[in-house]
Amino acid sequence: MIYRTSARWGAGLVAAALAVVGLAAPGHAGGRSSTQSGVSGATLVVRAVDAVTGAPVNGFCATMTAIAGHACSDGSEVTLTDLAVEPASVMVATGSTNNYLSPEAMPVTLVEGETTTVTVPLTLGGRISGTVVDRIAGQPVVDACVALAVPGQGVFPEGCDPTDEQGRFTTYPQPVGTYQMFVFTPEGYGYQWAGPRGGTGDQRAAARIRVRADRVTEAPTVRLDRSGTISGVVRDPAGAPAPGVSVGISAWGLGTGPSSDVVTTDEQGGYVLDRLGPYSWPLNFTPNNELPRLWSGGVGNRFRAETIRVRAGETTTYDQRLVRGAGLRGAVTVRGGTADDSWTLIAVNAVTGDDMGKADSVDDDDRAYEMPLVGDQQVKFIWFTGSRSGWWDNATDITTADRVRVPRSRFGTQDLTIG
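Residues numbered from 1 in each chain as written. Predicted model: local features only at pLDDT ≥ 70, side-chain atom pairs only at ≥ 80, totals over all residues. Heavy atoms only, no water.

(A) The arrangement of the overall build of the protein chain in detail. The secondary structure content of the protein chain amounts to 1 helix and 37 strands. In the protein chain, which comprises 419 residues, the share counted as buried stands at 53%. At a minimum sequence separation of 6, the contacts of the protein chain that also span at least 24 residues come to 72%. Split by element, the accessible area of the protein chain, about 18200 Å² in all, is 47% carbon and sulfur. (Helix = DSSP H or I, 4+ residues; strand = E, 2+ residues; numbered from the N terminus. Buried < 20%, exposed > 50% of the residue type's maximum accessible area, 1.4 Å probe, protein only. Contact = heavy atoms within 4.5 Å. Areas by Shrake-Rupley, 256 points an atom, 1.4 Å probe, with all protein chains shown as cover.)

(B) Examining the pairing of strand β31 (residues 355-360) more closely. One ladder, built from 5 bridges, connects strand β30 (residues 344-349) with β31; its direction is antiparallel. In the strand pairing of β31, A347 is matched with G357. Connecting β30 to the next strand, β31, in antiparallel fashion are 5 residues, including G353 with a positive phi near 80°. (Pairing = 2+ DSSP bridges.)

(C) A look at the nonpolar core. Counting residues in each nonpolar core, the largest one holds 30 residues, and the members touching the most others are Y271, W281, L283 and F285. Residues within four places of W281 in sequence aside, it is in contact with F182, Y191, Q192, W193, T200, G201, I249, L276, E306, T307, I308 and V310. Counting 24 residues, the second-largest nonpolar core is a separate cluster that includes A347, M371, V379 and L416. (Core = buried A, V, L, I, M, F, W, Y, C linked by side-chain atoms within 4.5 Å.)

(D) Local environment of the side chain of Q174. With respect to the helices, strands and loops of the structure, Q174 is situated in the loop between β12 (168-170) and β13 (177-184). On the basis of relative accessible area, Q174 is assigned to the buried category, the value being 18%. Excluding anything up to four places from it in sequence, Q174 contacts L101, G125, G126, L148, Y179 and V211.

(E) Looking closely at the sheet that holds strand β4 (residues 70-73). If you walk across this open sheet you meet the 4 strands as β4-β3-β6-β7, and the pairing is antiparallel. The open sheet has two edge strands, β4 and β7 (106-108), and neither has a second partner. Between one strand axis and the next, the sheet turns by 25° as a mean value, whatever way the strands run. Where strand β6 (residues 88-93) lies against β7, 3 bridges are found, and the strand directions are antiparallel. Directly across from A88, in β7, lies its bridge partner V108. (Axes fitted to C-alpha atoms, helices over the stretch in contact; angles between N-to-C directions.)

(F) Spotlight on the pairing of β6. Counting buried positions over the 6 residues of β6 gives 6, a clear majority of the element. Here β6 shows a buried face lined by A88, V90 and V92 and a second buried face lined by S89, M91 and A93. Bridging between strand β3 (residues 60-65) and β6 involves 5 bridges; their strand directions are antiparallel. Note that in β6 the partner of C61 across the bridge is A93.

(G) Quick peek at the pattern of salt bridges. By the definition in use, this model includes 13 salt bridges. Of the charged contacts, one joins E77 and R47 as a salt bridge, the two residues approaching to 2.9 Å between their closest N and O atoms. Separated by 30 residues along the polypeptide, E77 in strand β5 (residues 77-83) and R47 in strand β2 (residues 42-50) bring together distant segments of the chain. R275 is the salt-bridge partner of E187, the closest N and O atoms lying 3.0 Å from each other. Placement of the pair is E187 in the loop between β13 and β14 (192-194) and R275 in strand β22 (residues 270-276), with a sequence separation of 88 residues. Taking the relative accessible area as the measure of exposure, R275 reaches 26% and is therefore partly exposed. Bridged by salt links that share partners, the residues R304, D376, R405 and R408 form one connected network. (Salt bridge = Lys/Arg side-chain N within 4 Å of Asp/Glu carboxyl O.)

In structure tokens form, the structure reads like this:
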């Protein structure tokens, strides 16, 4: 399993976290579990219901954050016993036996020697199934891994679903909506965005698959091609080799760190990206200093990037010079926060959803930011402070967030009120 974590995909982390501790499928009959603390004797009963009808939902796991305690049940109720009385939340993970989505963690208040009952409403999602084959031979491909991306939201979600001996895959439940598939491949094959009739390096050409509630949608057959390579040299704005630059085909989340498909330039600024499908690819370059992240050709919008043609079994050369760019700066006001609230700002390209810049508070008194960005693009801001996060300005998600234009060759001013 390949994991790409990002705060904006928080709900999906529940299933991944439970899978790590062996709770991906319902287990204990009756759903009763004792922790190792044995201190307070507090008990928590977790009930799962359909968010629309209120009917009980069978088959889920519950685990506590901050304190020990977890259990699974084939029924609609899980009991956690002997819990320490500390601030905590309960996470519910579903998906092994039904199409319900795993919700965000729910805060709970425990009382020593007493039983607390919480009811967790669950929303129905859907799944995607499909087959991955060799494009020439038509034979199924084992151990390819399919990741789902939401158009316009940039970084991939945190996991992918592997193919079996028949080349088949079925995803975990996903929210109702439209998705595209990116395919990570075993040795010899090249990564691809899965198109209606074959692979592509351009997300805009990828097939769009509609997920419907409580249904399994069959995706177009994924046809894999043999791989090729891109290599080259990255230089700083003065023309000197630039070591330590991350190079990849995706804009990995700036709040989480590089993913497995990213390489780093050596002391001579050199890089080699292999296992790419024989298509035209944009490349992302992320410096390890104050210079801005950019796409091939020196732009901030992936869909306007210069693309590099890959050929199976061959190496294509592509060099990139970093730029000074432009950027945004301004005051930061934390609404409803305390004087010592720390904060993080991430600017995403308004068209592609890719993370393109990041700024953090340096100390408790820091109330201003300065963010280098490639000029002549529009961005949207996602903010994080304490346990809260959101989109500027008072937006519910990326689609409703305000756009800010980055000047072509200078710093612009944009004050931000977050929280």
